[in-house]
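Structural features, examined
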2 protein chains.
Amino acid sequence: MSLTDTQAFAAPASCYAPCETAATDAGRGVLLQRLTLRHAGLRELRIAYEWQGPADAPVIIVAGGISAHRHIAASAAYPEAGWWDAQAGADRALDSTRFRLLAIDWLGSDGGLDVAIDSADQADAVAAVLDHLDVRRAFAFVGCSYGAMVGLQFAARHGARLGRLVAISGADRPHPYASAWRSLQRGIVALGCSESGRREALSLARQLAMLSYRTPEEFAARFDAPVQLVDGVARCASADYLESCGTRYVARTAPTAFLRLSESIDLHAVAAETIAVPCVVVAIDEDRLVPLHTLEALAGKLGARCRLERFSSPFGHDAFLTEPARIAAILTDALCGGAA
Amino acid sequence: MSLTDTQAFAAPASCYAPCETAATDAGRGVLLQRLTLRHAGLRELRIAYEWQGPADAPVIIVAGGISAHRHIAASAAYPEAGWWDAQAGADRALDSTRFRLLAIDWLGSDGGLDVAIDSADQADAVAAVLDHLDVRRAFAFVGCSYGAMVGLQFAARHGARLGRLVAISGADRPHPYASAWRSLQRGIVALGCSESGRREALSLARQLAMLSYRTPEEFAARFDAPVQLVDGVARCASADYLESCGTRYVARTAPTAFLRLSESIDLHAVAAETIAVPCVVVAIDEDRLVPLHTLEALAGKLGARCRLERFSSPFGHDAFLTEPARIAAILTDALCGGAA
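Please read all numbers here as calculations on a predicted model, not as lab measurements. (Residues numbered from 1 in each chain as written. Chains lettered and ligands numbered in written order. Predicted model: local features only at pLDDT ≥ 70, side-chain atom pairs only at ≥ 80, totals over all residues. Heavy atoms only, no water.)

**Focus on the relation of the copies chain A and chain B**
Applicable threshold: Least squares is used to superpose the copies, and the fit set is the C-alpha atoms of residues whose pLDDT is at least 70 in both copies. Here, two residues are considered to be in contact whenever any of their heavy atoms come within 4.5 Å of each other.
Mapping chain A onto chain B leaves a residual RMSD of 0.0 Å; the transformation is a rotation of 180° accompanied by 0.0 Å of translation along its axis. Both copies are brought into coincidence by an operation consistent with a two-fold rotation axis. Of all interface residues in chain A, 100% are interface residues in chain B too; the two copies therefore contact each other through one and the same surface.

**Quick word on the packing of helix α3 (residues 176-191) of chain A against helix α3 (residues 176-191) of chain B**
Our working definition: A fitted line through C-alpha atoms represents every axis, and for helices the fit uses only the stretch in contact; the resulting angles, taken between N-to-C directions, go from 0 to 180 degrees. The secondary structure listing takes helices from DSSP runs of H or I that are at least 4 residues long and strands from runs of E that are at least 2 residues long, numbered from the N terminus. By definition, any crossing whose near helix is turned counterclockwise from its far helix by less than a right angle is left-handed, and any crossing with a clockwise turn is right-handed. Put simply, Ala, Val, Leu, Ile, Met, Phe, Trp, Tyr, Cys and Pro go in the nonpolar bin, Asp, Glu, Lys and Arg in the charged bin, and everything else, Gly too, in the polar bin.
Contact geometry for α3 of chain A and α3 of chain B: axes closest at 10 Å, N-to-C directions at 35°. The handedness of the crossing between α3 of chain A and α3 of chain B comes out as left-handed. Within the contact between the two elements, α3 of chain A uses Tyr177, Trp181, Ile188 and Leu191 of chain A and α3 of chain B uses Tyr177, Trp181, Ile188 and Leu191 of chain B. Along the lines of polarity and charge, the residues of the contact of α3 of chain A with α3 of chain B split into 8 nonpolar, no polar and no charged.

**Section: the nonpolar core**
Using the following cut-off: Definition of nonpolar core: a set of buried residues of the types Ala, Val, Leu, Ile, Met, Phe, Trp, Tyr and Cys, connected through side-chain atoms within 4.5 Å. Relative accessibility under 20% of the residue-type maximum defines a buried residue, over 50% an exposed one, and the middle range a partly exposed one, all with a 1.4 Å probe and only protein chains included.
Counting 164 residues, the largest nonpolar core has Ile47 of chain A together with Ile47 of chain B as the members making the most contacts within it. Once you skip the residues sitting within four places of it in the chain, isoleucine 47 of chain A turns out to touch Gly29, Val30, Leu31, Gln33, Leu35, Ile104, Leu107, Ala125, Ala128 and Val129 of chain A. By size, the runner-up hydrophobic cluster in this structure holds 31 residues, among which are Ala88, Ala93, Ala140 and Ala319 of chain A.

**Describing the pattern of salt bridges**
All names here are of chain B. Note the cut-off: A pairing counts as a salt bridge when a side-chain nitrogen of Lys or Arg comes within 4 Å of a carboxyl oxygen of Asp or Glu.
In the structure shown here, the tally under the stated rule is 44 salt bridges over all chains. Among the salt bridges present, the one from aspartate 131 reaches arginine 161, with a minimum N-O distance of 2.8 Å. Remark: arginine 161 occurs in the loop between α2 (146-157) and β9 (165-168) and aspartate 131 occurs in helix α1 (residues 119-132); sequence separation between them is 30 residues. Overall, arginine 161 belongs to the buried group, its relative accessible area being 16%. Across the pair aspartate 266 and arginine 182 runs a salt bridge whose closest N-O atoms are separated by 2.7 Å. One end of the pair, aspartate 266, is in helix α7 (residues 255-267); the other, arginine 182, is in helix α3, with 84 residues separating them in the sequence. On the accessibility criterion, aspartate 266 (2% relative accessible area) is buried.

**So, the packing of α3 of chain B against α7 of chain B**
All names here are of chain B. Using the following cut-off: With respect to orientation, any angle under 35 degrees is reported as roughly parallel, any angle over 145 as roughly antiparallel, any angle of 65 to 115 as roughly perpendicular, and every other angle as oblique.
Interhelical geometry of α3 versus α7 gives an angle of 160° and a closest axis separation of 10 Å. In terms of axis orientation, α3 runs roughly antiparallel to α7. For the pair α3 and α7, the crossing hand works out as left-handed. Of the residues in α7, those in contact with Ser179, Arg182, Gln185, Arg186 and Val189 of α3 are Pro255, Phe258, Leu259, Ser262, Glu263, Ile265 and Asp266.

**Focus on the interface of chain A and chain B**
Quick note on the threshold: Note: buried area is the sum, over both parts, of the accessible area (probe 1.4 Å) each one loses when the two are combined. Two N or O atoms form a polar contact when they lie within 3.5 Å of each other; inside protein one atom must be a possible hydrogen donor and the other a possible acceptor, and for residues adjacent in sequence the pair counts only when both atoms belong to side chains.
On the side of chain B, 45 residues touch chain A, which itself brings 45 residues to the contact. When residues of chain A are sorted by the area they lose upon contact with chain B, Tyr177, Leu184 and Leu191 of chain A head the list and together hold 20% of the total. Here chain A and chain B share 2 salt bridges between them. Taken together, chain A and chain B are joined by 6 residue pairs in polar contact (both at pLDDT 80 or more). If you tally residues by element for the side of chain A that touches chain B, the top one is α3 of chain A, at 11 residues. Its residues placed into classes, the side of chain A that touches chain B shows 25 nonpolar, 11 polar and 9 charged.

**Quick look at unusual backbone geometry**
Residues and elements named next belong to chain A. For serine 145, which is not glycine, the phi dihedral falls at a positive 60°. Position of serine 145 relative to the elements: it lies in the loop between β8 (140-144) and α2 (146-157). For serine 145, a relative accessible area of 13% gives the class buried.

**Some remarks on the state of the cysteines**
Using the following cut-off: Cysteine sulfur atoms that come within 2.5 Å of each other are treated as a disulfide pair.
Within the structure shown, the criterion is met by 0 disulfides over all chains. The structure places no disulfide on cysteine 144 of chain A, whose sulfur is separated from the nearest cysteine sulfur, that of cysteine 279 of chain A, by 14 Å. Classification of cysteine 144 of chain A as buried rests on a relative accessible area of 0%. A disulfide-free cysteine, cysteine 279 of chain B has its sulfur positioned 5.9 Å from the sulfur of cysteine 306 of chain B, the nearest such atom. Residue class for cysteine 279 of chain B comes out buried when judged on its relative accessible area of 4%.

Written out as structure tokens, the structure is:
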């Protein structure tokens, strides 16, 4: 039932001390797993995962946005850049010499699963990987954006297996305005009818998403030049930046994967009241996608089990990627405090 | 050189008293005019205009967003609904028994002028209509959104012909973030390659624009229902509303008109320091398209000649259409105060 391209790692032990050789210790695997998806029923799934860190270290599940993946950070075994090198790796806040970091590729991210995917399905996929690796209980789940939604689902559905949750810029449900925004992005992708049209449409959708991840304040500071006419058509100062974001995204993303993972954010709903796991909820004041008040409300529902950390950043929703020092301080504090 | 479908109106007199029969007094005309456009050079243009109110009353030029037009409000002569019936007409804040209201169809709005159009060009078109109608000086220019930009241009270029300016939700230059947003809308329209694709693309672009005109607060209040799966695809609660906005817009708008007028917003730039006309600048705290601080900065540049009026509304940029009582109070005050 499992296809591992490296050995499964051992059950977690109670040793929290740094381990000199651990930074080179990483592996990948693919699990074939039957799972009952919330909207699409029983399916045979491929769940790709990667771990980094000592076999006997406590496990931290790490999850990012819908465009993130199992390769969190560069390691000796997998030296290419990860999506969160600023926070994960040897001597980073998510210290791979003290913890075993574990991540999956999102269900649907290869574009091969064209059904509605729920954040609860992703949480169950993570739990299946923990089973497969004989990890009874994870020390922490650190999730950002969509990963925070999945973390909340994991805490609600598999709370007994989790010591603490750090949920950055993700709430118990999507905001209606953000849902409308994503819905239009999916409409744009659906519009591209030819092969070249599909790529252009996906690029535009990504560029639009980038606007929601950032803030007017950042754009005002970075792209203050007047709009120019180029070949008789207006071109705004951010065009090069946004187009390169779109082009990079198109190169690595199947349209179906984008459609279904974007949709998955909007299908997300978790009863926060049912979560018993201690949580640190991290909110960015300027987040246009997950407004501050939604995370204040989430913290209110989580009650005494929750600490709300907030800070201001012109990068808005993307602060988890672009404010490494602020995020590292919060992570270090959240992970080094008393275990749950 | 002129094609009027009604008689030109007389020069403005100094009588400000209500006139019993004036509400039925309205007319339309089309002026053929050579104008040197800022980016496109000398052109022969059709400028369609409409007036409403007594021939001897002071003239108020009224201008709305890029989807507005010359028909501001219903009248006996033209009883169909206008785009600003809440503010304009007999006994409204823009009282057509006391003032002669004048508006144009934007240059480019018929889709026949596929060149870059500047807000300065629109201001010159208004001035040409004033010449044509032998109006030496207008009592006021009341502009909302794009109309406020054109009003600022008019005040800068033709200040000697204007008594006062009321600029609602429009600044001296576009915000870089809003420019990026509009640029993507135009990209979406350009993506529609087939006839049906063009309509769908324009609809999506309009739906996206609607998001920028409103606020998350309004959407949270109106569309709080969870996202539903319909035929296996997520549908958010605002979908019906947004799609009907898009459909209505497609029915009345040529894609070229949208592209060129959207672009015109981004080409807008006026040296506020050069404006000598007394101004009331109206800002909505929640405006996501024209952030409050940009209008505070504009008021600062206008200095003693300017009064800033601001208020809070969940309708954001669209408050000039959706907060009739607040806007009426501001207009009444701005128009009834001492003449400039």
